[in-house]
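Per-entry structural report
Single-letter residue listing:
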Amino acid sequence: MIHGVEVKRLITHADERGALTELIRRDDPFFEQFGQCYVSVSYPGVIRGWHYHKKQTDYFTCVKGMIKVPLYDIREDSPTYGELNEFFIGDDNRIVVKIPAGVLHGFKNIGHEPCYLLNFPTEPYNPDDPDEYRIPWNSPDIPYNWDIQFK
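Residues numbered from 1 in each chain as written. Predicted model: local features only at pLDDT ≥ 70, side-chain atom pairs only at ≥ 80, totals over all residues. Heavy atoms only, no water.

**So, the sheet that holds strand 7 (residues 66-73)**
Taken in spatial order, the 5 strands line up as 8-7-10-5-12 in an open sheet, and their pairing is antiparallel. Looking at strand neighbours, the two that pair on one side only are strand 8 (84-90) and strand 12 (133-134), the edges of this open sheet. Here strand 5 (residues 47-52) pairs with strand 12 via 2 bridges, running antiparallel. Paired with His-51 across the two strands is Arg-134, which belongs to strand 12. (Pairing = 2+ DSSP bridges. Helix = DSSP H or I, 4+ residues; strand = E, 2+ residues; numbered from the N terminus.)

**A look at the environment of Thr-61**
You can see Thr-61 is positioned in strand 6 (residues 58-64). For Thr-61, a relative accessible area of 2% corresponds to the buried category. Separated by 37 residues in the primary sequence, Thr-61 and Lys-98 place their C-alpha atoms 9.3 Å from one another. Sequence-distant contacts of Thr-61, that is, excluding residues within four places in its chain, are made with Leu-10, Leu-23, Ile-89, Ile-95, Val-96, Tyr-116, Leu-117 and Leu-118. Within the structure, Thr-61 has its side chain in polar contact with the backbone oxygen of Ile-95 (distance 2.8 Å). (Buried < 20%, exposed > 50% of the residue type's maximum accessible area, 1.4 Å probe, protein only. Contact = heavy atoms within 4.5 Å. Polar contact = N/O pair within 3.5 Å; in protein donor to acceptor, adjacent residues only side chain to side chain.)

The values reported here are purely geometric and, on their own, carry no functional implication.
Structure below.
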C-alpha cells in the first residue's frame, strides 16, 4: 500500500425501512480535518485523471455505481515512491480511500450508469489559487492502463 493511503471499510445497517451507511466521522482515526464535501457525477466510461494536490488530502467514496481509482506515488521522499495502487469503490465494495497530498490519482466509471463520487477534502477549493496539478490521463510517464482488465 502506498505510504499514507488508508482504507475504511463501510458498514451498512439495513432493515425493512431501507439502509444507512456512515461514511466519515470527525473522530475516525484516519480523518484529518474537514474542508468541504462535493459530489462528482460521471457517465459510463468517463476517466477523470490524473491530478494531485500539494496541500490537501482527499477522502474518496462512491455512493452509486462502481469506479476504479488508481493511485501513483510521485512523492520523491516517500518510501513507496513509484508504487501504484488500484481500488474498486462503489455498490459492490463500500469503502472510503484516504489519498494523501502528493499522490497522483484519478477515477474511471466502470459501470453502465452514472456514478456518484463523494469527496471530503481537507481544504476548501480556492478558485484564485487552486491546489490542483494535472497530468494527462494517458501520460506515458505513468505505468497504468485505464482499460478493463480481464484476469
